[in-house]
Amino acid sequence: MGKIAVLICLSVFLCPFFVLAHPPSRIDAEYDDAAKELKLDIIHPVEAPKSHFIYRVTVDVDGKRLIDKEYDEQTDDMEQQVFLNVPGVEKGSTIDIEAFCNRYGEKKGQIRI
C-alpha cells in the first residue's frame, strides 16, 4: 500500500511540471539568399516568455555546425523569432535547425535551398 501512495503523490506533484513544460511545436524557416539571412519563427506558446522560453538555437549547413546561439527570454508568448546571418549557403544546401526549450524538449526543422 505504501508504494501506491508514493506513486500517487509523485504523480500529483510532477504532473503540473509536464503539463507546463513542452517542446516547441513547429519551426518555420525561410532563407533570403540576397541578404544571406535565415529567418526562423519557432512556435512555442507560453504564459511567461521571460521564464519559459526557447533558450538555444543551433543551425547546421550541410552537416557543419555554423550557429549555436543562446537566449535569455522569448520574443513573445507565442514564438521565438530569430534572424541569423548565414553566409556560404548555396543552391542545394540543406539547413538543419534545432530549437531547445529551457524547461523541456526540443524541435528539429530542415529546409533545402
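Just so it is clear, the structure is predicted and the values come from calculations on it, not from any experiment.

1. Side note on the overall build of the protein
Along its length, the protein carries 1 helix and 7 strands. Starting at the N terminus, the α and β elements of the protein follow one another as α-β-β-β-β-β-β-β. Out of the 113 residues in the protein, the part that is buried amounts to 35%. As presented, the protein carries roughly 7,300 Å² of accessible surface, and 55% of it is formed by carbon and sulfur atoms.

2. Points about the sheet that holds strand β7 (residues 106-112)
Here we have 4 strands laid out as an open sheet, ordered β4-β3-β6-β7, and antiparallel in their pairing. The open sheet has two free edges, formed respectively by β4 (64-70) and β7, since each of these has just one partner strand. Averaged over all pairs of adjacent strands, the angle between their axes in this sheet comes to 15°, without regard to strand direction.

3. Considering the pattern of salt bridges
The tally for this structure, following the rule as stated, stands at 6 salt bridges. For the salt bridge of D28 with R26, the shortest nitrogen-to-oxygen distance reads 3.0 Å. In this structure D28 comes out as partly exposed when scored by relative accessible area, which is 30%. One salt bridge in this structure joins K39 and D41, with 3.0 Å as the shortest N-O distance. With a relative accessible area of 24%, K39 lands in the partly exposed category. The buried category is assigned to D41, whose relative accessible area is 13%.

4. Let's talk about the environment of E79
Examined against the element boundaries, E79 turns out to sit in strand β5 (residues 79-85). Separated by 30 residues in the primary sequence, E79 and P49 place their C-alpha atoms 8.8 Å from one another. Apart from the residues within four sequence positions on either side, E79 is in contact with D41, I42, I43, H44 and Q74. Separated by 3.4 Å, the side chains of E79 and Q81 make a polar contact.

5. A short note on the packing of aromatic side chains
One pass over the structure, following the stated rule, counts 1 aromatic pair. Judged by centre distance (6.3 Å) and plane angle (55°), the rings of Y55 and F100 are tilted. Separated by 45 residues along the polypeptide, Y55 in strand β3 (residues 54-61) and F100 in strand β6 (residues 94-101) bring together distant segments of the chain. Using a relative accessible area of 27% as the deciding quantity, one classes Y55 as partly exposed. Sitting above the plane of the F100 ring, R56 keeps its charged end 4.9 Å from the centroid.

Definitions and cut-offs
Each residue is numbered by its place in its chain's sequence as written, counting from 1. With pLDDT at 70 or above as the cut-off, local features in this predicted model cover only qualifying residues; side-chain atom pairs require 80 or more to be listed or tallied, and sums for whole chains, interfaces and linings still use all residues. Each side-chain value is derived from all of the structure's non-hydrogen atoms; neither hydrogens nor water enter the calculation. To qualify as a helix, a DSSP run of H or I must reach at least 4 residues; to qualify as a strand, a run of E must reach at least 2; elements of each kind are numbered from the N terminus. Categorising residues by exposure relies on relative accessible area from a 1.4 Å probe, with only protein chains included: less than 20% of the type maximum marks a residue as buried, more than 50% marks it as exposed, and the intermediate range marks it as partly exposed. Per-residue and other accessible areas were derived by the Shrake-Rupley procedure at a 1.4 Å probe size, with only the shown protein chains allowed to occlude residues. Being paired, for any two strands, means DSSP has found at least two bridges between them. All axes are obtained by fitting lines to C-alpha atoms, using only the stretch in contact for helices, and the reported angles, taken between N-to-C directions, cover 0 to 180 degrees. The rule for a salt bridge is simple: a side-chain nitrogen of Lys or Arg has to be within 4 Å of a carboxyl oxygen of Asp or Glu. The contact rule is simple, with two residues in contact once any of their heavy atoms fall within 4.5 Å. Pairs of N or O atoms are called polar contacts if they sit within 3.5 Å, as long as, within protein, a hydrogen donor faces a hydrogen acceptor (for residues adjacent in sequence, only side-chain-to-side-chain pairs). Paired rings are identified among Phe, Tyr and Trp, the last through its six-membered ring, by centres lying within 6.5 Å, and are further divided according to the angle between planes into stacked (under 30 degrees), edge-to-face (over 60) and tilted (the rest). Remark: a charge is flagged as sitting over a ring if the NZ atom of Lys or the CZ atom of Arg is within 6 Å of the ring centre and within 35 degrees of the ring normal.

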